Amino acid sequence: SIAATAVLLCLTLYYLLTVLKDVRKITGSITKPLESVRQFIQGMAKKSEIITTAANVLSQAADEVIKYVKRKKESHESSQEN
């Protein structure tokens, strides 16, 4: 009875360790692709920030050019009126 319990306990521990080993392999195989996806998303976010910054700079530059052209046009028109 004690020997049977010991054998049953050993088999249970063996199967438990085998299952844990398989779970570790599965989580490892899942973790690598997820890490790649996370890195890809971070890279895209950084590129998006760069694009947004560049778009803002270009927009501000365009605004300045428009203001400059308007000022020149107004000064040209006012000089022709005099």
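Just above sits the structure.
For clarity, every value in this text was computed on a predicted model and none was experimentally measured.

Participant: Quick question: what am I supposed to make of the overall build of the chain here?
Facilitator: A count of helices and strands for the chain gives one helix and zero strands. Relative to the 2.2 N^0.38 estimate, which gives 12 Å for 82 residues, the radius of gyration of the chain is 35 Å and therefore markedly larger than a compact globule would have. Along the first, second and third principal axes, the C-alpha set of the chain runs to 120 × 15 × 5 Å. Counting all 82 residues of the chain, 0% fall into the buried class. If you average the places of the 12 positive and of the 8 negative side-chain charges in the chain, the two averages end up 16 Å apart.

Participant: Explain the pattern of salt bridges to me, please; I cannot follow it from the model alone.
Facilitator: Once the charged atoms of two side chains with opposite charge are near each other, the side chains can pair. Enumeration according to the criterion identifies two salt bridges in this entry. A salt bridge links glutamate 35 to arginine 38; the nearest nitrogen and oxygen atoms lie 2.3 Å apart. Taken together, the residues glutamate 35 and arginine 38, both in helix H1 (residues 2–81) and three residues apart, mark about one turn of the helix. Residue classification places glutamate 35 among the partly exposed residues on the basis of a relative accessible area of 31%. Owing to a relative accessible area of 39%, arginine 38 belongs among the partly exposed residues under this scheme. Of the charged contacts in the structure, one is a salt bridge between lysine 67 and glutamate 64, with a shortest N-O distance of 4.0 Å. Taken together, the residues lysine 67 and glutamate 64, both in helix H1 and three residues apart, mark about one turn of the helix.

Participant: Which parts of the structure should I look at to understand the environment of lysine 72?
Facilitator: As for its position among the elements, lysine 72 is in helix H1. In the structure, lysine 72 is positioned 44 residues away from glycine 28 in sequence and 66 Å away in space, judged by C-alpha atoms.

Participant: I would appreciate a short explanation of a nonpolar patch on the surface in the present structure.
Facilitator: Taken together, the side chains of Leu9, Leu13, Leu16, Leu17 and Leu20 make up a nonpolar region of the molecular surface, amounting to roughly 490 Å² of accessible area. Examined against the element boundaries, leucine 20 turns out to sit in helix H1.

What counts as what
- Residues numbered from 1 in each chain as written.
- Predicted model: local features only at pLDDT ≥ 70, side-chain atom pairs only at ≥ 80, totals over all residues.
- Heavy atoms only, no water.
- Helix = DSSP H or I, 4+ residues; strand = E, 2+ residues; numbered from the N terminus.
- Rg over C-alpha atoms; globule rule 2.2 N^0.38 Å.
- Buried < 20%, exposed > 50% of the residue type's maximum accessible area, 1.4 Å probe, protein only.
- Lys, Arg positive; Asp, Glu negative; His and termini not counted.
- Charge placed at Lys NZ, Arg CZ, Asp CG, Glu CD.
- Salt bridge = Lys/Arg side-chain N within 4 Å of Asp/Glu carboxyl O.
- Patch = residues over 30% accessible without salt bridge, like charges linked within 9 Å, V, L, I, M, F, W, Y side chains within 5 Å.
- Areas by Shrake-Rupley, 256 points an atom, 1.4 Å probe, with all protein chains shown as cover.

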